[in-house]
Amino acid sequence: MTSELNRMTIAEARDGLARREFSALELTRACLEQIKLVDPKINAFITVCAREALEQAAAADRRLAAGDAPALCGIPLAIKDIYATRGVRTTCASKMLENFVPPFDATVIARLREAGAVFIGKANMDEFAMGSSTENSAFGVTRNPHNVERVPGGSSGGSAAAVAADECLGALGTDTGGSIRLPAAFCGVAGIKPTYSRVSRYGVIAYASSLDQVGPFAKTVRDAAILLRTLAGHDPHDSTCSARPVPDYESALTGDVRGMRIGVPKEYFVAGMEPQVETAIRDALASYERLGAKLVEISLPHTEYAIAAYYIVATAEASANLARYDGIRYGLRVDADNTGELYNRTRAAGFGAEVKRRIMLGTFVLSAGYYDAYYLKGQKVRTLIRGDFDRAFERCDVIATPVAPTTAFKIGEKMADPLQMYLSDIFTISVNLAGLPGLSIPCGFDRDGLPIGLQLIGEPFAEETILRAGDAFERTGAVKRRAAIL
Amino acid sequence: MPDNAYEAIIGLEVHTHLMTRSKLFCGCSAGFGAGPNENVCPVCMGMPGVLPVLNRHAVELAIRTGLAAHCEIAPESIFARKSYFYPDLPKGYQISQYELPLCKGGYIELPAQSEGTEARRIRLTRIHMEEDAGKNIHESGASLVDFNRSGVPLVEIVSEPDIRSAEEAGAYLRELRSILRYIEASDGKMEEGGLRCDVNVSVRKRGASEFGVKTEIKNLNSFRFVEKAIEHEVARQIDILESGGRVAQETHLWDPVREMTRPMRSKEFANDYRYFPEPDLPPLRVTPDVVEAIKTSMPELPADQRARFVRDLGLTAYEAAVLTQDRDLAAYFETMLATGLKNHRTAANWVMTEVLRAINETARPLADAAPLAIESGELLKLVETGAISLNAAKTAFAAMCKSGKGADATVAELGLAQVSDESAIAAACDKVIAAEAAKVAEYRGGRDKLFGFFVGQVMKAMGGKGNPRVVNEILKRKLTA
Amino acid sequence: MINSIGPPGMRLSVMADSKISVEQVRHVARLARLELSAADEAALQANLSEILQYIDQLNRLDTSAVAPTAQVGEAGAPMREDVVANRPDPEAMLANAPARAGHLFKVPRIIE
């Protein structure tokens, strides 16, 4: 049955490997074969690391044989191409870094290596994580495995699609405004953005430093919990990374949500949402009530300002974060006879349209005469948005919302209209501004078979609570559907 | 000041390297002199995904600098990104402090600049921490970039416009360097880029209360250039005003070859740095007990030492100022006194003349140029006990500088000990009195001036080694007998 | 409210006035070191105007008494000890260099 190994969850594979029912090499080969089979249709990977993955799998088998298997020994994962991987090209889906080979590993990559994981490949994404559809990639668009005419969501679309298409068992993404949760929802997989500071950002190519956070994609909430345990924790190389101890997230998955107060923000259920999405969310909330949870209406009054605040803060930080791509030390260089021209041409040629747009916006909001009106204003509104959540969590333990107002939209549909694209993140973006953990799980399908995502938001460092809630819903078995492409 | 009707208003921004082993935000060596791009890593090269982590010792040295300058240490300060493009700036921004610096206020007290003048206080605006950039090496048609210096910790010390002349700017810089060296925050070596200076200059009619339009002069890396550039700029501005013109607010570069300033092209300073809080570094928190601990570990500062030298040792303000312009020089002086010298001012003047001369003549550091302080002290003690004359001590000192031998050995070797034995001196006096009977008669007849002649004759007879005090005493007794 | 943004797929109507002039676009592009074609400039002027127009809704909020939030992590910068931890490896650091001369990065003439 080795051809089916790639369909396993991490928990299943972990047990099977431990019992020596199959080898890590067989598991990795199954994933590589699946990639060969389906990736031409969905383009989830920028770089497939077959040779390295097979080496890692062989090493994992040796450790399994020696009875010395760490947490993720032999588990094939897709890595968003935003993580620095020593010796493996890391492009951030940009022409700018098309040939960049980092001489170092991101902290979470080092942790996964230590945990015995197998890196099957570098997943496609929106260039520099700027986008909601994975259409802004210098390496082509990634397609949704449920419907290849649709986007997978973004920016971590390659990671989500790879998991949904069984090209790997789990994946790493990053989430700055919804970049894990939206693709998880559009592709029908689980994805969690942990609390800001829970996971090290060292070696994660920065988009917006005060918002970026590392997180996993998985086929189940349990798998997401398993991955998060290895990812999370203090890193002396990241000054913003928390030193709090990391709980065993898996042991929090008791299935018991009795007495849990689930807040439902009234501002998230208004005209404009696709009725099928709303129905799926309402059904999920009803399931929670049946499981013994209590629904509480709450208010997040500044929700409508979140996107505006986000596009100030995120682009301002991005404008500085992307200044290092200047053609001097690494990356693309377009030659000129003086450095000024070299910068202008290199950056014009190396960045795609959306990246340029955000650099321009971010540069503008920080520029002399506009800082107070835009940047400072955005920071102040950020305070108001955090305050909304603080007050809401006085009345509930978890906040449940849709991940997005729609299911996966058509490829090309929003490319001509940046603002409409930005609005895809309306339900996810506040969570980043407030630094909270947010989990996205599938909660149903629309008539076209496209997945619908439920978002569960927790208080800072309450990953256990939202994972427990997500797992409890998953256990009801309400939603299971394989991607159409399979 | 070329024209007495005007006064200059000058403020300085001084950048200095902090003496840490590693860089401000990464574990690369901050040492000087490594091969190109040897002291670099992904962090100080600004590779994608890297993050800064603060060097605790750098923060402590910055706090020490703030305390030495009487600043208020901010319980919470913020790092910011200062954005501009330059090949030696790897991230496209410099991590600096902007709105909330580590140290606020404070002052530097300038010691007396000559005998009879008074100390002056130059107020500080702020002291903040930042990282250095790399280095561009210009070749014909191309530039080469070395990032060894990228990320080396700096403090920027910003003065209020309290300085009134080029000389005073020089005095401020010397005092600042002295303080930095006393507290071991910086070695203040300008030639290694360890101390760099930007100057803001304006002039106004004496007595006016409003400031004139200021220009900024960048790129000054020696004390002499700072003084020259200010002199040049003040004269230039006065010329403009005198001929009815208006000074343009602009940035000038100092051209050390032509010894003049020239305005930068507009593009060079049309900078909009777009400062904003560095999201990769949480606010820097400094608790009162940390400040207290640093305070108690502070060495005596130049100003305190000067005050003590005047109060306890009876030096003049100027003598104290000269000795404390360098920590090693002051320590040399104090070690000399530790041999038990009674005349402190003689010792002070010894350091100010003999020791400084040795340093200047050899152009070497104190430790190499002069004998051990303890030997200098022993040498002066021989003068105090009358074993040798002051002139003999100077001769011995010059020899000791070269040989490195001790005071006693040198005095013996050169036969410099003077004769204080009364019977030997009395015998010489008798001989002279006998030989110069006519002059003795004249002297006894009232020509007091001849006394010096007799002293000279006795000294001559003793080969110059007679103790002058004893010679005087015995000769006077015998002549008046 | 979400309905104030408009339902997905419904294009926001752009107001007549541009929020940003072509000169401003050029100035910002200079700061950001981006060479723009005339078409780029026009497109960016339109895009940025629309986005800035949208951002203007923040002015409905009185934030005069609100403190700004720059970061949402735990307060207090951690510090590392002053230890040299990196060994020289210029070859690794220059491996991605677009142009080099020995162990130095090579760039064209620097225009001051």
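All of these numbers come straight from a predicted model, not from anything done at the bench.

Q: Give a detailed account of the pattern of salt bridges, specifying residues and quantitative values.
A: The final tally for this structure, using the stated rule, is 63 salt bridges over all chains. Notably, a salt bridge pairs Arg14(A) with Glu250(A), separated by 2.9 Å at the nearest N-O pair. One end of the pair, Arg14(A), is in helix α1 (residues 10–18); the other, Glu250(A), is in the loop between α7 (221–231) and β7 (261–265), and 236 residues separate them in sequence. On the basis of relative accessibility, which here comes to 27%, the residue Arg14(A) falls in the partly exposed class. Close ionic contact of Glu341(A) with Arg345(A) constitutes a salt bridge, the shortest N to O distance being 3.5 Å. A residue pair is termed a helical-turn pair when its members lie 3 or 4 positions apart in one helix, as Glu341(A) and Arg345(A) do in helix α10 (residues 339–350) at four residues. We classify Glu341(A) as partly exposed; its relative accessible area is 27%. What makes Arg345(A) partly exposed here is its relative accessible area of 33%. Members of the salt-bridge network, linked through shared partners, are Arg201(A), Asp238(A), Arg81(B), Glu278(B) and Asp280(B).

Q: Which residues make up the sheet that holds strand β10 (residues 438–445) of chain A, and what values go with them?
A: Strand pairs in the sheet, formed through backbone hydrogen bonds, run parallel or antiparallel to each other. Residues and elements named next belong to chain A. One open sheet holds the 11 strands; their spatial order is β1-β3-β2-β4-β6-β5-β10-β11-β9-β7-β8, and the pairing between them is mixed. Each edge of the sheet is formed by a strand with only one pairing partner; in this case those strands are β1 (45–48) and β8 (294–298). Each adjacent strand pair in this sheet contributes to an overall mean axis angle of 30°, direction not counted. Helix-sheet contacts for helix α3 (residues 50–65) involve β1 and β3 (118–123), and the interaxial angle to β3 is about 155°.

Q: Can you tell me about the interface of chain A and chain C, naming the residues and giving the values?
A: Interfaces are frequently sized by the accessible area removed from exposure as the parts join. Taken residue by residue, the interface counts 79 residues in chain A and 62 residues in chain C. In this assembly, chain A packs against chain C so that about 6,100 Å² is buried in total across both faces, 65% of it on carbon and sulfur atoms. Three residues, Glu304(A), Met360(A) and Leu419(A), lead the burial of chain A against chain C; their summed loss comes to 12% of the area buried on that side. Our enumeration of links across chain A and chain C arrives at three salt bridges. For Glu74(C), the salt bridge is made with Arg244(A), and the minimal N-O distance between the two is 3.2 Å. Across the side of chain A that touches chain C, the residue classes tally to 39 nonpolar, 22 polar and 18 charged.

Q: Run through empty space enclosed by the protein, naming residues and quoting values.
A: The final tally for this structure, using the stated rule, is nine cavities of 30 Å³ or more. Taken together, 17 residues make up the lining of the largest cavity; nearest its centre are Phe25(B), Val43(B), Pro52(B), Lys91(B) and Glu131(B).

Q: Quick one: what's the story with the domain arrangement of chain B, residue by residue and with numbers?
A: Domain boundaries in chain B define domain 1 (2–293), domain 2 (326–413) and domain 3 (422–480). Here the C-alpha centre of domain 3 of chain B lies 66 Å away from the C-alpha centre of domain 1 of chain B.

Q: Can you break down the packing of aromatic side chains residue by residue, with the values?
A: For the coordinates displayed, the defined rule picks out 28 aromatic pairs over all chains. An angle of 15° between the planes, with centres 3.8 Å apart, marks the rings of Tyr311(A) and Tyr422(A) as stacked. Here Tyr422(A) lies in helix α13 (residues 418–422) and Tyr311(A) lies in helix α9 (residues 306–321), a separation of 111 residues in the sequence. As far as burial versus exposure is concerned, Tyr311(A) and Tyr422(A) are alike and both buried. Ring centres of Tyr443(B) and Phe454(B) lie 5.9 Å apart, and the angle between their planes is 90°; this geometry places the pair in the edge-to-face category. Of the two residues, Tyr443(B) is situated in helix α15 (residues 437–444) and Phe454(B) in helix α16 (residues 451–461); the sequence distance between them amounts to 11 residues. The pair formed by Tyr443(B) and Phe454(B) is uniform in burial state, with each residue classed as buried. Each member of the aromatic cluster is reached from another via a ring pair, and the members are Phe100(A), Phe128(A), Tyr325(A), Tyr330(A) and Phe351(A).

Q: Tell me about the interface of chain C and chain B, residues and numbers included.
A: Each side of the interface is counted separately: chain C has 33 residues, and chain B has 52 residues. Counting each side, the surface lost to burial between chain C and chain B is near 3,600 Å², with a carbon and sulfur contribution of 61%. Here Arg56(B) ties to Glu81(C) by a salt bridge, and the two come within 2.8 Å at their closest N and O atoms. Linking chain C with chain B are 19 residue pairs in polar contact (both at pLDDT 80 or more). Where the side of chain C that touches chain B is concerned, the elements lending two or more residues are α2 (22–32), β1 (79–80), α4 (90–94) and β3 (104–108) of chain C. The greatest single-element share of the side of chain C that touches chain B, amounting to five residues, is contributed by β3(C). The residue makeup of the side of chain C that touches chain B, split by class, is 20 nonpolar, four polar and nine charged.

Q: Please provide a residue-by-residue account of the sheet that holds strand β17 (residues 276–277) of chain B, values included.
A: Reading across from one edge, β6-β5-β17 (chain B) is the order of the three strands in this open sheet, with antiparallel pairing throughout. Edge positions in the sheet fall to β6 (93–97) and β17 of chain B, since each of these pairs with one other strand and no more. In this structure, strand β5 (residues 79–83) of chain B lies alongside β6(B), joined through five bridges in antiparallel fashion. Bridge pairing links Ser83(B) to Tyr93(B) in β6(B). Against the sheet, α9(A) makes contact with β5, β6 and β17 of chain B, and its axis sits at roughly 65° relative to β5(B), the strand it touches most.

What counts, and where the lines are drawn
- Residues numbered from 1 in each chain as written.
- Chains lettered and ligands numbered in written order.
- Predicted model: local features only at pLDDT ≥ 70, side-chain atom pairs only at ≥ 80, totals over all residues.
- Heavy atoms only, no water.
- Salt bridge = Lys/Arg side-chain N within 4 Å of Asp/Glu carboxyl O.
- Helix = DSSP H or I, 4+ residues; strand = E, 2+ residues; numbered from the N terminus.
- Buried < 20%, exposed > 50% of the residue type's maximum accessible area, 1.4 Å probe, protein only.
- Pairing = 2+ DSSP bridges.
- Axes fitted to C-alpha atoms, helices over the stretch in contact; angles between N-to-C directions.
- Contact = heavy atoms within 4.5 Å.
- Buried area = accessible area lost by both parts, 1.4 Å probe.
- Nonpolar A, V, L, I, M, F, W, Y, C, P; charged D, E, K, R; others polar.
- 1 Å grid on protein atoms, 1.4 Å probe; cavity = no way out; pocket = protein on both sides within 12 Å on 5 of 7 lines; lining within 4 Å.
- Points joined across faces, edges and corners; volume = space filled by probe spheres on them.
- Domains from an automatic or database assignment.
- Phe/Tyr/Trp six-rings, centres within 6.5 Å; stacked < 30°, edge-to-face > 60°.
- Polar contact = N/O pair within 3.5 Å; in protein donor to acceptor, adjacent residues only side chain to side chain.

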